[in-house]
Amino acid sequence: MEDIAQRCIEIIAKSKSIPADSITLDSTFDELNVDSLDKINISFEVEEAFSIEIPDEALGTIKTVGDMVKGVTQLRENHPPATVTTP
Amino acid sequence: MNRVVVTGLGCITPIGSTVEDFRTALFAGATGIEPFPPYPEAPGETQGLRFTQSARVKDFDPRLHLDSGVVVSTDRTTQFAILAARQAAQHGNLLQHHASDNVAIIVGCACGGRQAEETETAKLYTRDARVHPLTVTRTMASAGASHISIDLGITGPVLNISTACASGTHAIGLAFQMVRSGMVSAAITGGHEAPLTFGFLRAWDSMRVVSPTQCRPFSADRDGMTLGEGSAMLTLETLESAQARNASIYAEIVGFGMSADAHHITQPAPEGAATAMRKALADANASTDQVDYINAHGTGTQANDATEASAIHQLFGDRAAHIPISSTKSLHGHSIGATGALEALATILALHHRRLPANAGVTKIDPALNLDVILNAPRETSVGLALSNSLAFGGLNAVLALRPFVDRS
């Protein structure tokens, strides 16, 4: 879980050009100024990093970094098949 | 009809990413052509290429200037375009003085988002990998035009022109006509291109028109072109609006000529180039004896330079051998859809500073061309009228006629 969180934070930091230590699990994507293009890019990078596929319906429910980490963790545990439920 | 003047300049090029740096290199004859680093995807030491040099934009980090959402959704060519246009608009303070729907954006880009296309296609075909979800926005050739509009809040006519190596000149010419006719009161116009991908270099290599050494237009031993990248943008507006707001005026565009060779997809024909130059002069109400400088297409291939020289002799007769000429591609390389805009910028700076840039790389001028090629150092002289030639593959020719600004009112 910690490794997944760290990797997700690194991906977000790189995509947004912001320091990784400014991102926590409680950070919302709104707070990080992640717009729709950022989100689609970050999701793709996360999918690539963990060899998962995030379902369309899950994307809209991910509001915080913690949501993303939970979703990735579930997808990894359930892989295959790839499904996710997020809060 | 309106007189059309240039009131803003911007550029991201292999010889400078500000107009000041570009101008310094242009007049110092400092070339941006240099050996390129190995392409990681390339096999073997030679990379399958017969050439080792290109003209790259150095130290370009879009993240220093653009929002992350823009960076991730754009190719390098679009990033060049946005930043060059921003310079030109700020330089000219354009948007404080023109209604946003009365400003056009007309830019040339022939290759689109080449890097994005090649990267994603390689992944797809070699690893059956997923394609990045922003590949479409990165590759569309009109992305540069759209992003300039979004970045600057310009809501008038926005077009991308794709006419191979004449794209930038066609774009400036059309923008000139739109401002002259009163369709818009101002325009941001120029070209952008970032084609230095491994696949693109290999494609050009296969045509055997790239110099294994270095581009040296009009040299007797010339052996091809050198590929480049970058962007140059101009702001054009009516003389009336420029004077009303006391804008700096760098030059006046007075004519534009276009033609097609209707001959061959790669081999140029002198009649087409001569026709475009003649039409540009007619459009400017000028005669051949008024031309004091030609910024040549001058790619450095045997075929182009001989054909362009032949066209100049056809049109100018005995004067052809006495008109100062240079090809600034010997400094900034051949950046395909952008190159006409870089050359228009060089011509405008030449008129404004009364210094004609020298042609780099020449060892001995080809006597068969019988042209007055400017060598070694810029020629200090005032110019009444200059032509900037672009002669593209497929026989698409575009020529701008420019004058230093003189207040004749």
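Residues numbered from 1 in each chain as written. Chains lettered and ligands numbered in written order. Predicted model: local features only at pLDDT ≥ 70, side-chain atom pairs only at ≥ 80, totals over all residues.

**Structural notes on the overall build of chain A**
And then number 1: Summing up its helical and strand segments, chain A has four helices and zero strands in all.
And then number 2: When the elements of chain A are put in sequence order from the N terminus, they spell out α-α-α-α.
And then number 3: Put simply, chain A has 87 residues, and 28% of those count as buried.
And then number 4: When contacts within chain A are restricted to residue pairs at least 6 apart in sequence, those whose partners lie at least 24 apart make up 55%. (Helix = DSSP H or I, 4+ residues; strand = E, 2+ residues; numbered from the N terminus. Buried ≥ 20, exposed ≤ 12 C-beta atoms within 10 Å, placed from the backbone. Contact = placed C-beta atoms within 7 Å.)

**A short note on the domain arrangement of chain B**
Residue and element names in this part refer to chain B.
And then number 1: Taken domain by domain, chain B holds domain 1 (4-244) and domain 2 (255-403).
And then number 2: Across the boundary between the two partners, domain 1 contributes 61 residues, which contact 55 residues of domain 2.
And then number 3: Top contributing element to the side of domain 1 that touches domain 2 by residue count: helix α7 (residues 167-181), with eight residues.
And then number 4: Taken together, the residues of the side of domain 1 that touches domain 2 sort by class into 30 nonpolar, 25 polar and six charged. (Domains from an automatic or database assignment. Nonpolar A, V, L, I, M, F, W, Y, C, P; charged D, E, K, R; others polar.)

**Some details on the sheet that holds strand β6 (residues 186-193) of chain B**
Residues and elements named next belong to chain B.
And then number 1: In spatial order, the strands read β5-β4-β6-β7-β1-β8-β15-β14-β9-β10-β12; together these 11 strands make up an open sheet with mixed pairing. Where the open sheet ends on each side, the last strands, each with one partner, are β5 (158-161) and β12 (372-373).
And then number 2: Judged from the eight bridges that link them, β6 and strand β7 (residues 230-238) form a sheet pairing that is antiparallel. By the bridge assignment, T189 is partnered in β7 with L234.
And then number 3: In the packing of helix α10 (residues 270-283) onto the sheet, the strands contacted are β8 (251-260), β14 (385-392) and β15 (396-403), and the crossing angle to β8 comes to about 145°. (Pairing = 2+ DSSP bridges. Axes fitted to C-alpha atoms, helices over the stretch in contact; angles between N-to-C directions.)

**Section: helix α2 (residues 36-50) of chain A**
And then number 1: Here α2 of chain A is 15 residues long and its end C-alpha atoms lie 21 Å apart, about the 21 Å a rise of 1.5 Å per residue gives.
And then number 2: Looking at α2 of chain A, one finds that the buried residues are L37, D38, N41, I42 and V46 of chain A. Around the axis of α2 of chain A, the buried residues are gathered within 165° of arc, so they sit on the same side.
And then number 3: Among the structural elements, α1 (2-16) and α4 (65-77) of chain A together with α2 (68-72) of chain B are those in contact with the buried residues of α2 of chain A.
And then number 4: Phi for S51 of chain A, located one or two positions after α2 of chain A, is positive at around 50°. (Expected span 1.5 Å × (residues − 1). Arc of directions from axis to C-beta.)

**Regarding the interface of chain A and chain B**
Size of an interface: often given as the accessible area lost when the parts come together.
And then number 1: With nine residues of chain A in contact, the opposing surface of chain B contributes eight residues.
And then number 2: Taken together, the elements giving at least two residues each to the side of chain A that touches chain B come down to α1 and α2 of chain A.
And then number 3: Looking at the side of chain A that touches chain B residue by residue, the classes come out as three nonpolar, three polar and three charged.

**Quick word on the nonpolar core**
And then number 1: A175, A187 and L345 of chain B are the most contacted members of the largest nonpolar core, which has 129 residues in total.
And then number 2: By residue number, the principal contributor to this core is helix α13 (residues 339-353) of chain B, which donates nine residues.
And then number 3: Inspection of this core shows a minimum of three residues originating in each of domain 1 (4-244) and domain 2 (255-403) of chain B.
And then number 4: Those residues in contact with L345 of chain B that sit more than four places away from it in its chain are L9, C11, F22 and A232 of chain B.
And then number 5: Within the second largest apolar cluster, 15 residues are counted, among which are F29, V46, V65 and V72 of chain A. (Core = buried A, V, L, I, M, F, W, Y, C linked by C-beta atoms within 7 Å.)

**What to know about the packing of α10 of chain B against helix α11 (residues 302-316) of chain B**
All names here are of chain B.
And then number 1: In the contact formed by α10 and α11, the axes pass within 8 Å of each other and the chain directions differ by 50°. On the basis of their axis angle, the class for α10 and α11 is oblique. Pair α10 / α11 crosses with right-handed handedness. Side by side, α10 and α11 meet where P270, A273, A274, M277 and R278 of the first sit next to T307, E308, S310, A311, Q314 and L315 of the second.
And then number 2: Split into classes, the residues belonging to the contact of α10 with α11 amount to six nonpolar, three polar and two charged. (Parallel < 35°, antiparallel > 145°, perpendicular 65-115°, else oblique. Left-handed = near helix turned anticlockwise from the far one by under 90°.)

**Looking at the pairing of strand β9 (residues 291-295) of chain B**
All names here are of chain B.
And then number 1: Extensive coverage of β9 is indicated by the burial of four of its five residues.
And then number 2: The pairing of β9 with β14 spans four bridges and is parallel. Residue pairing in the sheet places V291 in a bridge with L385 of β14.
And then number 3: Across two bridges, the pairing between β9 and strand β10 (residues 324-326) is parallel. The partner of I294 across the bridge, within β10, is I325.
And then number 4: Between β9 and its parallel partner β10, the chain crosses via α11, and the hand of that crossover is right-handed. (Right-handed = clockwise from strand over helix to strand, strands pointing away.)

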